[in-house]
Amino acid sequence: MTSSRESTAYLTVCCKDKPGIIAAVSGFLRSKKANIIHSDQHSSDPVGGRFFLRMRFHMPELEDSFEEFKKEFSETVASEFDMEWSINPAWIKKKTAILVSKFDHALMDLLWRTKREELFTEITMVISNHEELRDSVESFGIPFHYVKVEKDRKDEAEQEILKLLEGNADLVILARYMQILTSRLIEAYPNKIINIHHSFLPAFVGADPYRRAGERGVKLIGATAHYVTEELDQGPIIEQDVIRVSHRHDINELKILGRDIESQVLSRAVKWHLCERILVDGNKTVVFT
C-alpha cells in the first residue's frame with residue numbers, strides 16, 4: 001500500500017472565469033494518467049468573475065517527472081487561460097518558523113500538533129524576543145533563537161531574523177509575537193506569514209483587545225488568523241471563531257477563554273495553508289475546507 005502523500009500533489013488555480021477551465025485541467029491530468037482525488041471550485045460571478053480551483057491528484061512516479069509536469073502544464077493549460085497557479089508536492093513537508101514573545105499557548109499547541117503529525121510540516125526554529133520559552137521549545141528538539149528587539153534598533157533585529165529564516169522557512173507563524181513587522185520582512189514572505197489576533201476582527205484592532213472588549217461589555221469574544229500585510233491587523237482573513245461570554249467574566253477570565261480559541265483558530269489556518277486550501281483574492285481569501 002502506498003502512502004497517502006506519495007506521488008500526490010496539490011494544484012491551485014486563480015483566473016478570469018470562462019467556460020472550459022475544468023475540462024482543460026482535468027483533460028491535461030487525464031492525458032498524464034493522473035487520478036483526481038479531490039476537486040473544489042468557486043466562481044465569484046459566472047459572468048466576468050474570478051474562478052478559483054483546488055485539486056488534489058495522484059500520478060504514478062510523479063516525483064521523477066515533477067518539474068517537467070509543471071513546465072508542460074504552464075505551457076499548455078495555464079497559458080491558455082492566463083492562470084495564476086501553483087502545483088505543490090504533497091509528499092514534501094513545508095519548513096515552518098514560529099515567532100513568539102512570552103505567551104506560550106498558541107506556540108505549544110502548534111508544537112504538540114506537529115509532534116502528533118496533525119500538522120504536516122517541519123518546524124525548523126522558534127524565534128523570540130524573550131528567553132522565557134527556550135526550555136519549553138528545546139524540549140521538543142527544536143532550535144530556539146533569542147533576538148532582542150530594542151525600540152531604536154528594530155531594523156537590526158529584523159535583519160537578524162531574516163538571516164535565520166533564509167532557506168529555512170516556507171511559512172512564518174506569529175504565535176502571539178508582540179511586535180509589528182516592517183515591510184522588509186513582510187515583502188520577503190508575501191502571503192506566507194500567518195498571525196493570530198486575539199479578537200474577532202475587524203473589532204478591537206491592535207493591542208489589549210480583551211480589556212477593550214470587557215469595557216464594551218461584549219457577549220462574544222473571538223480570534224482571527226490572517227495573513228500579515230503592512231497595515232496592522234488588516235490582512236486577508238483565513239479563519240475566525242468565537243465563544244460566548246457574559247458580564248460575569250472579568251478580564252483574566254476573558255483571556256483564559258480566549259487563549260483556547262486563539263490556539264484552535266491558528267492551528268486550523270496553519271493546517272489549511274500547508275494543504276494548499278487557501279487562495280488569496282485581493283484582501284480576501286477563498287478557503288476550501
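Whatever comes next refers back to the structure up there.
Residues numbered from 1 in each chain as written. Predicted model: local features only at pLDDT ≥ 70, side-chain atom pairs only at ≥ 80, totals over all residues. Heavy atoms only, no water.

Draft legend 1. Structural detail: the nonpolar core. Of all hydrophobic cores here, the largest spans 31 residues; its most connected members are I98, L107, I194, L266 and V270. Of all the elements in the fold, those that place two or more residues in this core are β5 (94–100), α3 (105–115), β6 (121–128), β8 (171–174), β9 (193–197), β10 (220–227) and α8 (251–274). Residue contributions to this core peak at seven residues, all from α8. Excluding its chain neighbours within four sequence positions, the residues that come into contact with I98 are L107, L110, L111, I123, M125, V126, I127, I173 and A175. (Core = buried A, V, L, I, M, F, W, Y, C linked by side-chain atoms within 4.5 Å. Buried < 20%, exposed > 50% of the residue type's maximum accessible area, 1.4 Å probe, protein only. Helix = DSSP H or I, 4+ residues; strand = E, 2+ residues; numbered from the N terminus. Contact = heavy atoms within 4.5 Å.)

Draft legend 2. Summary view of the pattern of salt bridges. Taken as a whole, this structure holds 16 salt bridges when the rule is applied. We note a salt bridge from E118 to R116, for which the minimum N-O separation is 3.0 Å. For R116, a relative accessible area of 47% gives the class partly exposed. In this structure, R268 engages D241 in a salt bridge whose closest nitrogen and oxygen atoms are separated by 3.1 Å. Of this pair, R268 sits in helix α8 while D241 sits in strand β11 (residues 237–244), placing them 27 residues apart in sequence. The structure contains a network of salt bridges with shared partners spanning D109, R113, R116 and E118. (Salt bridge = Lys/Arg side-chain N within 4 Å of Asp/Glu carboxyl O.)

Draft legend 3. Examining the pairing of strand β1 (residues 8–16) more closely. Summarising burial for β1: eight of the nine residues are buried, a large majority. Both β1 and strand β3 (residues 50–58) contribute to a ladder of nine bridges, which runs antiparallel. Looking at the pairing, K16 lines up with R50 of β3. (Pairing = 2+ DSSP bridges.)

Draft legend 4. Layout of the sheet that holds β8. Taken in spatial order, the seven strands make up an open sheet running β7-β6-β5-β8-β9-β10-β11, and their pairing is mixed. Edge positions in the sheet fall to β7 (144–146) and β11, since each of these pairs with one other strand and no more. Looking at each pair of strands side by side, their axes are set apart by 20° on average, direction ignored. Relative to β7, β6 runs parallel, the two sharing three bridges. Within the sheet, the bridge partner assigned to S128 lies in β7 and is Y146. Helix α5 (residues 154–165) rests against β5, β6, β7 and β8 of the sheet, and its axis sits at about 160° to β6. In the packing of α8 onto the sheet, contacts are made with β5, β6, β8, β9, β10 and β11, and the angle to β11 comes to roughly 155°. (Axes fitted to C-alpha atoms, helices over the stretch in contact; angles between N-to-C directions.)

Draft legend 5. A look at a negative patch on the surface. On the surface, E6, E61, E63 and D64 cluster together into a negatively charged patch. With respect to the helices and strands, E61 occurs in the loop between β3 and α2 (62–81). Classification of E61 as exposed rests on a relative accessible area of 58%. (Patch = residues over 30% accessible without salt bridge, like charges linked within 9 Å, V, L, I, M, F, W, Y side chains within 5 Å. Areas by Shrake-Rupley, 256 points an atom, 1.4 Å probe, with all protein chains shown as cover. Lys, Arg positive; Asp, Glu negative; His and termini not counted. Charge placed at Lys NZ, Arg CZ, Asp CG, Glu CD.)

What is shown is where atoms sit, not what they do.
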